[in-house]
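As a plain string of letters, each chain reads:
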Amino acid sequence: QVQLVESGGGLVQAGGSLRLSCAASGRTFNTYAMGWFRQAPGKEREFVTAISQSGGRTFYSDSVKGRFTISRDNAKNTVYLQMNSLKPEDTAVYYCAAHWSAEVITRGGHNYWGQGTQVTVSS
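In this report, the structure presented in the accompanying data block is examined.

The rules we used
Residues numbered from 1 in each chain as written. Predicted model: local features only at pLDDT ≥ 70, side-chain atom pairs only at ≥ 80, totals over all residues. Heavy atoms only, no water. 1 Å grid on protein atoms, 1.4 Å probe; cavity = no way out; pocket = protein on both sides within 12 Å on 5 of 7 lines; lining within 4 Å. Points joined across faces, edges and corners; volume = space filled by probe spheres on them. Nonpolar A, V, L, I, M, F, W, Y, C, P; charged D, E, K, R; others polar. Pairing = 2+ DSSP bridges. Helix = DSSP H or I, 4+ residues; strand = E, 2+ residues; numbered from the N terminus. Axes fitted to C-alpha atoms, helices over the stretch in contact; angles between N-to-C directions. Salt bridge = Lys/Arg side-chain N within 4 Å of Asp/Glu carboxyl O. Buried < 20%, exposed > 50% of the residue type's maximum accessible area, 1.4 Å probe, protein only. Phe/Tyr/Trp six-rings, centres within 6.5 Å; stacked < 30°, edge-to-face > 60°. Disulfide = S-S within 2.5 Å.

### Some remarks on the layout of surface pockets
Okay, so step 1: Here the largest pocket is characterised by a volume of approximately 180 Å³.
Okay, so step 2: Residue lining of the largest pocket: 13 residues in total, with Arg38, Lys43, Glu46, Glu89 and Asp90 positioned closest to the centre.
Okay, so step 3: Split by residue class, the lining of the largest pocket holds 2 nonpolar, 3 polar and 8 charged.

So this is what it looks like as structure tokens:
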């Protein structure tokens, strides 16, 4: 089984930046598409972004496109989420996810997920 551990969350002022990291335990990291979801209090889980196995294709929700960037380093079994121009509306728990298909991740699917990391953006 693949284990995912997120880190990098915290408190940041509006307009600031954070970089989240997700470290995977398995040897087959490069066989999985990866992605990020977020969930704010009182709201349903929301797809944020996904990236293909090689990193050649990326997908973003309309709410974060142009501000967030997903990337991966397969040699380090790590996926990153660079978050720029943060808004209070971005406040949520962010979860790392893995699946065989990046397209499925965009539809909310995942085979593995992490424990989440809190991102809070103050106004």
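### What to know about the sheet that holds strand β1 (residues 4–7)
Okay, so step 1: Reading across from one edge, β1-β3-β8-β7 is the order of the 4 strands in this open sheet, with antiparallel pairing throughout. Either end of the sheet is taken by a strand with one partner, and the two such strands are β1 and β7 (68–73). Strand-to-strand twist across the sheet, computed as the mean angle between neighbouring axes with direction ignored, equals 15°.
Okay, so step 2: For β7 and strand β8 (residues 78–83), the ladder comprises 6 bridges, and the chain directions are antiparallel. When the bridges of β8 are listed, Asp73 appears paired with Thr78.

### Some remarks on the pattern of salt bridges
Okay, so step 1: Under the defined criterion, the tally for this structure stands at 4 salt bridges.
Okay, so step 2: One salt bridge in this structure joins Arg38 and Asp90, with 2.9 Å as the shortest N-O distance. Here Arg38 is found in strand β4 (residues 33–39), whereas its partner Asp90 is found in the loop between β8 and β9 (92–99), with 52 residues between them in sequence. Summarising the burial analysis for this pair, Arg38 and Asp90 share the class buried.
Okay, so step 3: Note that Arg57 is salt-bridged to Glu103, the shortest N-O span being 2.5 Å.

### Some details on the packing of aromatic side chains
Okay, so step 1: For the structure shown, the criterion picks out 2 aromatic pairs.
Okay, so step 2: Residues Tyr32 and Tyr112 carry aromatic rings whose centres are separated by 5.8 Å and whose planes lie at 85° to one another, so their mutual orientation is edge-to-face. You can see Tyr32 sitting in the loop between β3 (18–24) and β4 and its partner Tyr112 sitting in strand β10 (residues 112–113), a full 80 residues away along the chain. Summarising the burial analysis for this pair, Tyr32 and Tyr112 share the class buried.
Okay, so step 3: Ring centres 6.2 Å apart and planes at 70° place the aromatic pair Phe37 and Phe47 in the edge-to-face group.

### As for the state of the cysteines
Okay, so step 1: Tallied over the entire structure, the rule returns 1 disulfide.
Okay, so step 2: Between the sulfur atoms of Cys22 and its disulfide partner Cys96 the distance amounts to 2.1 Å. Sign of the S-S torsion, about -85° for the bond between Cys22 and Cys96, identifies this disulfide as left-handed. Of this pair, Cys22 sits in strand β3 while Cys96 is found in strand β9, placing the two residues 74 residues apart along the sequence.

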